[in-house]
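# Working through the structure, step by step
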Amino acid sequence: MKSRLERILEKLPKQELSAQKVELALVDDIKEEMKAANSGAISAIDLAFKAIPLAEKSLKLNKSLLKKIENTKKAAIELGATDVLKLLQKQETQIKSNIDEVDKLLKGLNSI
């Protein structure tokens, strides 16, 4: 004697089952393609999180360097070393620019 499930399955058209198998295969293909499509973004996010401590260290070092430049500028002014003062002013401008750029970078990284 056949079970109720077996009788129901016998009545189902065989073509419908094969169509369902094709649909399931397509769904599986889409899942795999989604994984591949997102793997690049996931890798990029991982790299961004690894970049945060590096950028924070750079910001800290640049701020420390800016203080040293400011102190050295004061000494150069007292000594009348105009050549050194001009060089320090260029370096100060560059360091301030670095600080601004690293600050922007950190804000972007932290918004992820």
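As shown above, the structure is provided for reference.
One structure accompanies this document, and this report is about it. (Residues numbered from 1 in each chain as written. Predicted model: local features only at pLDDT ≥ 70, side-chain atom pairs only at ≥ 80, totals over all residues. Heavy atoms only, no water.)

## Some details on the environment of Lys74
The topology assignment puts Lys74 in helix H2 (residues 14-79). Classification of Lys74 by relative accessible area gives exposed; the value is 53%. Remark: the alpha-carbon pair of Lys74 and Leu85, spanning 11 residues in sequence, is separated by 8.7 Å. (Helix = DSSP H or I, 4+ residues; strand = E, 2+ residues; numbered from the N terminus. Buried < 20%, exposed > 50% of the residue type's maximum accessible area, 1.4 Å probe, protein only.)

## Quick word on the environment of Leu109
Structurally, Leu109 can be placed in helix H3 (residues 82-110). Linking Leu109 and Lys50, residues 59 residues apart in sequence, is a C-alpha distance of 9.8 Å.

## Focus: the side chain of Asn62
Looking at the element boundaries, Asn62 is found in helix H2. For Asn62, a relative accessible area of 11% translates into the label buried. In contact with Asn62, not counting residues within four places along its chain, are Ile95, Asn98 and Ile99. (Contact = heavy atoms within 4.5 Å.)

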